[in-house]
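# A look at the structure
Residues per chain, in single letters:
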Amino acid sequence: MTHKQQPQLEAQSVTLGYGANTVTCRDLTLAIRPGSFTIIVGPNACGKSTLLRAMARLLVPSQGQVVLEGQDINRLKTRDVARRLGLLPQTYTAPEGISVAELVARGRYPHQSFLRQWSAADEEAVRSAIAATDIADLSGHPVDTLSGGQRQRAWIAMALAQETPILLLDEPTTFLDIAHQIDLMDLLERLNREGRTIVAVLHDLNQAARYASHLVAMKDGRIVAEGAPRDVVTKDMVKTIFDIACIVIDDPVTGLPMVVPTRHARAQG
């Protein structure tokens, strides 16, 4: 008899919001399996970023709990969480004057201690992260002098340098041009193949369908559909979630579902 693989990270019947009168998600459950590439999609203000923040321990549920590797995440020490879970948030601020290399090196802080100082492994992790995000030529530049896309890649490199088994990313392709978007998604796909569990919030439904092993569609603080992209991406789901009319065809490169909005895309009635 085969036993179902236990979730590596799980939101269990969580109710989430910002203040007593603002509930963004109610009684929501999502299980992240080890080695999966989960992508969460949905319209603005549907609760997807709020859910990701709770799963990263930046927001405490008013009901329910988030469980990381079998333990309530809010009962774990901050350093223990940081060794297991990395996060690229939607907004971030770097200390004034910090260089790209210094920012990326901060990804190694959870691995430091009084007895374990900077090592060759730390150096290699930073070097690899900088190379993977194509920012070697920016290493000595202050982060606050970079363009939006360059800054985004520097923060992604910091998250990669953390080398956690789980990586959460909130709209990681924001500010990136199309070439760097594809580079980033290909990089995440490679990390996933190498064993990293990836959870990302994306706006681009076609990118989500192309890369996700598990696709989650949200609306109004609830999960409307989840599963393999071929099972989730249908014209009815797109109309329900995004209120647009479309046809769904096979992507000519991958064979996965691809959404093509109709000329008058806004759904009527």
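Everything discussed here concerns the structure shown above.
It should be emphasised that the depicted structure is a prediction, and the values quoted were computed from it without experimental measurement.

Conventions adopted
- Once a new chain begins, its residue numbering starts again from 1 and follows that chain's sequence as written.
- Since the coordinates come from a predicted model, pLDDT governs what is reported: local features require at least 70, and pairs of side-chain atoms require 80 or more to be given and counted, while whole-chain, interface and lining totals use all residues.
- Excluding hydrogens and water, the side-chain values take into account all heavy atoms of the structure.
- Numbered from the N terminus, helices here are DSSP runs of H or I no shorter than four residues, and strands are runs of E no shorter than two.
- Note on method: radius of gyration uses C-alpha positions; expected globular size equals 2.2 Å times residues raised to 0.38.
- Three exposure classes are used, based on accessible area relative to the maximum for each residue type with a 1.4 Å probe and protein chains only: buried under 20%, partly exposed in between, and exposed over 50%.
- Computed by Shrake-Rupley with a 1.4 Å probe, the accessible areas treat only the displayed protein chains as cover when residues are assessed.
- Neither His nor the chain ends contribute to the count of charged residues, in which Lys and Arg are positive and Asp and Glu negative.
- A charge is said to be at NZ when it belongs to Lys, at CZ for Arg, at CG for Asp and at CD for Glu.
- The contact criterion used throughout is that any non-hydrogen atoms of two residues lie within 4.5 Å.
- By convention, a stacked pair of Phe, Tyr or Trp rings (six-membered ring in the case of Trp) has centres within 6.5 Å and planes under 30 degrees apart, an edge-to-face pair has planes over 60 apart, and any other such pair is tilted.
- Patches here: salt-bridge-free residues with over 30% relative accessible area, like charges joined within 9 Å, nonpolar side chains (Val, Leu, Ile, Met, Phe, Trp, Tyr) joined within 5 Å.
- What makes a salt bridge here is a side-chain nitrogen of Lys or Arg within 4 Å of a carboxyl oxygen of Asp or Glu, nothing more.
- To define axes, lines are fitted to C-alpha atoms, for helices over the stretch in contact only, and angles between the resulting N-to-C directions are given on a 0 to 180 degree scale.
- Should the near helix be turned anticlockwise from the far one by less than a right angle, the crossing is termed left-handed; should it be turned clockwise, right-handed.
- Residues are grouped as follows: nonpolar covers Ala, Val, Leu, Ile, Met, Phe, Trp, Tyr, Cys and Pro; charged covers Asp, Glu, Lys and Arg; every other residue, Gly included, is treated as polar.

## Considering the overall build of the chain
Looking only at helices and strands, the chain has nine helices and twelve strands in total. Over its C-alpha trace the chain gives a radius of gyration of 19 Å, about what one expects of a compact globule, namely 18 Å for 269 residues. The principal-axis extents of the C-alpha atoms in the chain amount to approximately 60 × 45 × 40 Å. Taking all 269 residues of the chain together, the buried fraction comes to 47%. Accessible surface, the chain: about 13500 Å² in total, of which carbon and sulfur atoms supply 51%. Counting 28 positive and 29 negative side-chain charges, the chain places the centres of these two groups 5 Å from one another.

## Some words on the environment of Val 23
Assignment of secondary structure puts Val 23 in strand 2 (residues 23-32). With residues up to four places along the chain from it excluded, the contact list for Val 23 reads Thr 15, Leu 16 and Gly 17.

## Things to note about the packing of aromatic side chains
Enumeration over the complete set of coordinates arrives at one aromatic pair. An angle of 25° between the planes, with centres 4.6 Å apart, marks the rings of Tyr 92 and Trp 155 as stacked. Taken together, the residues Tyr 92 in the loop between strand 6 (85-88) and helix 3 (100-105) and Trp 155 in helix 5 (residues 148-161) connect sequence positions 63 residues apart.

## Structural notes on a negative patch on the surface
Residues Asp 134, Asp 137, Asp 177, Asp 183 and Asp 186 make up a contiguous surface patch of negative charge. Within the fold, Asp 186 resides in helix 6 (residues 178-193).

## Digging into the packing of helix 4 (residues 120-132) against helix 5
Two elements in contact, helix 4 and helix 5, have axes whose closest approach is 8 Å; the angle formed by their N-to-C orientations is 140°. The way helix 4 lies across helix 5 gives a crossing that is right-handed. Where helix 4 abuts helix 5, its residues Ala 125, Val 126, Ala 129, Ile 130 and Ala 132 lie against Ala 157, Leu 160 and Ala 161. Tallied by class, residues from the contact of helix 4 with helix 5 come to eight nonpolar, no polar and no charged.

All we've got here are geometric facts, nothing functional implied.
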